[in-house]
Number of protein chains: 6
Amino acid sequence: MEGWPIWIVDQYIEKFLQEDVGVGDLTTQGIGKFVEQTIRADIVAKQEGVMAGGQFALRVFTFLDREVKGEIVVQDGAFFRPREVLMRLSGNAAAILTGERTALNLLQRLSGIATRTREMVNLVEDLGVKIADTRKTTPGLRAFEKYAVRCGGGINHRLGLYDCVLIKDNHIMLCGSLQKAIREVRSRIPFTAKIVVECANVSQVREALEERVDVIMLDNMGLEDIKQAVRMAKGRAIIEASGNVGPHNVRLIAEQGVDIISSGYITHHASWIDMSLEIEDQNGL
Amino acid sequence: MEGWPIWIVDQYIEKFLQEDVGVGDLTTQGIGKFVEQTIRADIVAKQEGVMAGGQFALRVFTFLDREVKGEIVVQDGAFFRPREVLMRLSGNAAAILTGERTALNLLQRLSGIATRTREMVNLVEDLGVKIADTRKTTPGLRAFEKYAVRCGGGINHRLGLYDCVLIKDNHIMLCGSLQKAIREVRSRIPFTAKIVVECANVSQVREALEERVDVIMLDNMGLEDIKQAVRMAKGRAIIEASGNVGPHNVRLIAEQGVDIISSGYITHHASWIDMSLEIEDQNGL
Amino acid sequence: MEGWPIWIVDQYIEKFLQEDVGVGDLTTQGIGKFVEQTIRADIVAKQEGVMAGGQFALRVFTFLDREVKGEIVVQDGAFFRPREVLMRLSGNAAAILTGERTALNLLQRLSGIATRTREMVNLVEDLGVKIADTRKTTPGLRAFEKYAVRCGGGINHRLGLYDCVLIKDNHIMLCGSLQKAIREVRSRIPFTAKIVVECANVSQVREALEERVDVIMLDNMGLEDIKQAVRMAKGRAIIEASGNVGPHNVRLIAEQGVDIISSGYITHHASWIDMSLEIEDQNGL
Amino acid sequence: MEGWPIWIVDQYIEKFLQEDVGVGDLTTQGIGKFVEQTIRADIVAKQEGVMAGGQFALRVFTFLDREVKGEIVVQDGAFFRPREVLMRLSGNAAAILTGERTALNLLQRLSGIATRTREMVNLVEDLGVKIADTRKTTPGLRAFEKYAVRCGGGINHRLGLYDCVLIKDNHIMLCGSLQKAIREVRSRIPFTAKIVVECANVSQVREALEERVDVIMLDNMGLEDIKQAVRMAKGRAIIEASGNVGPHNVRLIAEQGVDIISSGYITHHASWIDMSLEIEDQNGL
Amino acid sequence: MEGWPIWIVDQYIEKFLQEDVGVGDLTTQGIGKFVEQTIRADIVAKQEGVMAGGQFALRVFTFLDREVKGEIVVQDGAFFRPREVLMRLSGNAAAILTGERTALNLLQRLSGIATRTREMVNLVEDLGVKIADTRKTTPGLRAFEKYAVRCGGGINHRLGLYDCVLIKDNHIMLCGSLQKAIREVRSRIPFTAKIVVECANVSQVREALEERVDVIMLDNMGLEDIKQAVRMAKGRAIIEASGNVGPHNVRLIAEQGVDIISSGYITHHASWIDMSLEIEDQNGL
Amino acid sequence: MEGWPIWIVDQYIEKFLQEDVGVGDLTTQGIGKFVEQTIRADIVAKQEGVMAGGQFALRVFTFLDREVKGEIVVQDGAFFRPREVLMRLSGNAAAILTGERTALNLLQRLSGIATRTREMVNLVEDLGVKIADTRKTTPGLRAFEKYAVRCGGGINHRLGLYDCVLIKDNHIMLCGSLQKAIREVRSRIPFTAKIVVECANVSQVREALEERVDVIMLDNMGLEDIKQAVRMAKGRAIIEASGNVGPHNVRLIAEQGVDIISSGYITHHASWIDMSLEIEDQNGL
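1. A look at the domain arrangement of chain A
Residue and element names in this part refer to chain A. Under the domain assignment used here, chain A contains domain 1 (6–114 + 271–282) and domain 2 (121–268). Using C-alpha coordinates to define each centre, domain 1 is positioned 36 Å away from domain 2. Listed as interface residues are 14 residues of domain 1 and, on the opposing side, 13 residues of domain 2. Taken over both partners, the interface formed by domain 1 and domain 2 buries close to 1100 Å², and the fraction arising from carbon and sulfur atoms is 71%. Broken down residue by residue, the surface that domain 1 buries against domain 2 is led by Tyr12, Arg109 and Ile113, which jointly contribute 44%. Summed over the shared surface of domain 1 and domain 2, the result is 1 salt bridge. Across the salt bridge formed by Arg109 and Glu145, the nearest N and O atoms sit 2.9 Å from each other. Among the elements of the structure, helix 1 (6–21) and helix 4 (93–124) are those that each provide at least two residues to the side of domain 1 that touches domain 2. The residue inventory of the side of domain 1 that touches domain 2, partitioned by class, reads 10 nonpolar, 2 polar and 2 charged.

2. Comments concerning the sheet that holds strand 5 (residues 85–92) of chain E
Residues and elements named next belong to chain E. With antiparallel pairing, 4 strands are arranged side by side in an open sheet as 3-5-1-12. Because the sheet does not close on itself, it has two edges, and the strands there are strand 3 (69–72) and strand 12 (275–279). For this sheet, the mean angle separating the axes of adjacent strands, direction not counted, is 15°. Bridge count between strand 1 (residues 38–45) and strand 12: 5 bridges; the pairing is antiparallel. Considered in strand 12, the bridge of Asp42 is made with Glu278. With respect to the sheet, helix 3 (residues 54–64) is in contact with strand 1, strand 3, strand 5 and strand 12, its orientation differing from that of strand 5 by roughly 15°.

3. Concerning helix 1 (residues 6–21) of chain D
Residue and element names in this part refer to chain D. Helix length check: helix 1 (16 residues) gives 21 Å between terminal C-alpha atoms against 22 Å at 1.5 Å per residue, within 8%. Where helix 1 is concerned, the buried positions are Trp7, Ile8, Val9, Asp10, Tyr12, Ile13, Phe16, Leu17, Glu19, Asp20 and Val21. One or two steps after helix 1, the chain reaches Gly22, where phi turns positive at roughly 50°.

4. A closer look at the pattern of salt bridges
Residues and elements named next belong to chain C. Counted by the stated rule, this structure contains 84 salt bridges over all chains. A salt bridge links Arg183 to Glu211; its shortest N-O distance comes to 2.9 Å. In this pair, Arg183 is assigned in helix 7 (residues 178–186) and Glu211 in the loop between helix 8 (202–210) and strand 9 (215–219), connecting sequence segments 28 residues apart.

The rules behind each value
- Residues numbered from 1 in each chain as written.
- Chains lettered and ligands numbered in written order.
- Predicted model: local features only at pLDDT ≥ 70, side-chain atom pairs only at ≥ 80, totals over all residues.
- Heavy atoms only, no water.
- Domains from an automatic or database assignment.
- Contact = heavy atoms within 4.5 Å.
- Buried area = accessible area lost by both parts, 1.4 Å probe.
- Salt bridge = Lys/Arg side-chain N within 4 Å of Asp/Glu carboxyl O.
- Helix = DSSP H or I, 4+ residues; strand = E, 2+ residues; numbered from the N terminus.
- Nonpolar A, V, L, I, M, F, W, Y, C, P; charged D, E, K, R; others polar.
- Pairing = 2+ DSSP bridges.
- Axes fitted to C-alpha atoms, helices over the stretch in contact; angles between N-to-C directions.
- Expected span 1.5 Å × (residues − 1).
- Buried < 20%, exposed > 50% of the residue type's maximum accessible area, 1.4 Å probe, protein only.

If you want it as structure tokens, here you go:
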């Protein structure tokens, strides 16, 4: 899981299962001894897409029963076609049936994000421009969704309010000026934190550059202004474009020379990729 | 919050804020005394849609600071237009700025679901057919997403694996027959729990009716088969149609006379409704 | 554990142990190296009864030390006599001594409930009437106590306020009429939830039947009224009798033809079954 | 609540409510606006007994809604008669109906223990002998149940394994001798912890006295042996009798001159005291 | 509390109190009604020092009882002398006595760190060099201890492993070269995270500068090497010196022109500042 | 870990790691496949001292990855010299690098306490006087710090407010007299809890002895008064001296004949013992 300690993953999975299973899976418990069989099952794509979260989905099953075996066929970040087998499972039927929905919900949502991200990345990759995510993620699922963005070829913006400063129009208004806001913040935050400043126009870009900020985020600026900002800033700060970015305009923005384009669209307009868990018919053997 | 005890809501909100705020909002803390101002702010729609989660969004702010005042202008379930003010806030700038993203993420996601649900409901409402949700919800957010479905005019299917039995093809295969599966389950579950059986064809419908199940879920059946199933079952069980339901086919299915159509589409294909939090310019006073 | 995922069981056991062990078992820690011996121990009945919770009791020990081995001699639901060995343990003395009280408290309480339930079930079983539990369970222990009821041959009523509707006199009074209460509720709850209505007299039974509720609970009604209600309702709803049921009157009620009799007595008047953990004298070998 | 910080009480009450309410009280939420009425309700005894847990029961309601008002009519420790009003409540119907069962379950269980304890205390009080509880309490509820024992006039034995040493036969066997067990323990535990030693005969009592232990627990000893042990030990250690104590023999044991008699009977053989919550008929006004 | 949302503070305080209070403060509860008096108390310094954590200490008392009133006399960051009153409290004796130790432990530890930090800051402040903390903080208390460093005039290094990259000798060894380590990391981390590289010699400094890292941490380098590194890097990266820094050498290092000196000494060699809580003698009035 | 159930240890370690690792160790994750190597590493002392917490430090690594192997070279309680290897580790580099700081922070702090305690113990051991700790421990870390005191040869005073009564001047003032305070408390607390009384002068000692308390704590009394108190009390209660004890006066106090000297100094004036984790150079093989 790309270096995620397993105990962090398990904290999430326990919560997710608790939500679905509550005091017990009535149906699975209800069929009694029949559910104690060992079965084989495949997770199969029903749409094309980019894989994300395979290890998490698999962990849902092994969390329920350490004896479940799983083989991830399509690795995170890889492209898959309809009807492709993504993961093979074998083990106790109870664990597989109880975990099915939670595992699929996670895998479908994350692969949806990876797929949407990959679409955007493909539009600008040759220009050397990166697609970054935002904090517009589903409450409670951010770490997973940001991971899915990376699976789709995107990069991550700050993880939360705690690991990077982002000075926006509202902060500037409260402080009275962009310069003042930056200086106030700099006097208090860890020196190890970057400062990003959201600029609405070229004159703010100039002001921010003078304060030697780390990243300048051009917020909803026109193409001409973006180009000018890039010219001014290049080499002195990372230039990030943001605001209403979608497949229709991402390449145009990229062509202005920005370093990074951040996009809420890749998370909040990602639909789930259709998948299903198919149990091998035991009688067919 | 429609009867939700506040302590349950607060458990969620604390988790959501923890994810975003971590050990502190660097930017807000960074501007020091300037953030101690009292400000006024509006949450404004940037797209049309159906409101859902107003009380939850408001609670994010009052959770951060009990002194924040909020007025919900558009009630949950109501339709709104672009540029309409959905909620008015006033209070400590720190609480409003720190809570902004979490509140919006929640409100935008939930309103997205309510809006998608309302679209589906509108297509069949005159036929007396209900649209129900599924368990295809974002991990960790089910209670909220099911609430949003109700805001959009839909009804709820079971909440999890614990409050209703749903016998699917896999359970039937494990037990050997539909009849056997039903009888096994009935001998073990609380007598207060309904039994839903997923049927793939008319002969399974007949078998299920003989076992007097509460709900028959027609899974991906053709229109002719649906009509026949309805004829057989009407009055003896609730008839639910399910499987690949979307705006393109929901009315056709509804016209066959089913009671309920359940749809994962209203949750997993809901995009966020665009909204923003706009702070009143203090200087403009 | 009858389909209970182990992680749910462990959440409870951790809490129970935490209550007893706190920051450490002073006595066990106090005897130092002597407690590192491997010992064998039996859990022995000192009274007759019906077994319930064997797997949970065993898990207390293996939770403390994965190396403890246990063999459950008397299975849940089985009858045992005084001096019968219920479970055999072997392993680290520290784990066995530290877990002893928690394991026994759980096993004695649950077996007490199973025993009391079995007494009631025996009185009516030949009539085809089921004994169900209520929500009158020890706070924090409901899932276990409801499991014990099943071990004693009883069935479960709803698990909590969340998985079934039960309309009582107070709800009816607030709404103005039984009919109104039912209709209000039906418009809001998941369609997968059953509706139980508590009726105090025959005329309420008639009203409830007209609204096609799932279960009619006859609350403290006289035998004649019960008989009449059964006649009216049979086949149209499940008939449950409730209120001050005990060994003295359960058969009389059952003879009126009800389907189910629910009883708080089996939980709140269950005494613990006496048991002890006996360590084999090592010197005796 | 006799000095219990409110946050500790709330941790328990949140857990208890969570168990019963889960994701919501379907019935209460189902009747919609009707549940928003302000009502008055009484908790009424249906049996005589000794009150315990009034403040905890009341807190269940105020935890659900801070606006609920409650007046405790019968204080903890006081005797009440059938039909006596124990507590008066007024407030939001939703909070009162949702909290009803949890509050009553707690109050009935605790009053059951207080009542059973009082019965035992009455049998020996004039002899100056105290009745103490044991660790035979319901898992998860010990602090409450020990409080109920005090309400019934009893005293508390150790709270758990962490606050007092109790050397039993098994510890002695592991160490080889009583003397060795005591000395091992004494070298490791906080000097602020008392040492209790369970003795099975007079010669062990002598050995324990030589080691200057704080309490000697006479385990299942005959009356003559108890008398002899008391003579030997009086003034040098607290003498506690234990083992199969009940109403039938408690006075006989007390008459031998012991200081304290500890009894599992007062907790594990306590039945609930019957009570109900009665809502005032609004129409009757 | 400098922008810390109160709910974060309360999570910590609940844990701290739980550790000390457990199931209850025996002494406070033991004196019964006497503890219900309203008292006044002062927290008084018994040594000179720099204040840190006043709001946290006060919150311990108001967490226990919302009615306790407190006035912070010496603000965080201010210097105080022996016998100076730091905080005045009035309210319920139970809350003040139960909270005393937890509040003092926190305040004494944090003021100890602030005092030690201030000593170091004073030695180099005129040179424009900042003193930063490290991750050498007491497990579980980092956020508080880093706050205390700021109270003492220091600045914060990264908060944890999650908000900044720090490439050390071990990472370099694993990757094969400093350049490779930096490039690997840069391809995976959020672009909003700074990269700090620990350099052991001047040639590593050169390599790191070529990779345009944000901060160069000179690890245990000699004064001459530090001077040379500063000359090379100045203006291209922040220069931080680290390793065995103490009052004996901090100024020497500072004189070489580094921007920041990070010091574990200010946290792990901070002794508590002696303080006590003094209750006003009521009889003296 | 001297009888500590592993699950208690793991609760702490999870919290400590969570604080440091948060959503992930950016650097370790950032170097990608390179971190998947198996490495060997030693924890090495850089100062002399007394070991404490070896098992806890090791558990940090095995908590992160069950496959990490560790050998504790210097046992808890043993003395070590500079450059001595304290522990050898081998396993996944990711687990070792991510756990390094948390493990060291714990080990250095605890060994610091054990070392300081040993210094004090050495000064009085030959007189048969014990050194005990106090409740002046770091919030959240008490159980560990009290364990470290035992490693240094000290003994433990009460663990918290819940396991022993300590009547102080403030309690006496509230009750009106020392006698009254003792009697009030005795009527309410578990009979298994000891009563310690803090005495400021000889006359209070006399009063406390008359009430037959278990421990008399002489608070900041002069040497002459201590001697007199000892004479009066010896054999009737444990005599503990307390208040501003340090290396300068501990022997003088001990010489007066007290049983125990309790000292906050050993915890709040303990500095960390310097240690480092050194990874074996793989290339050097």
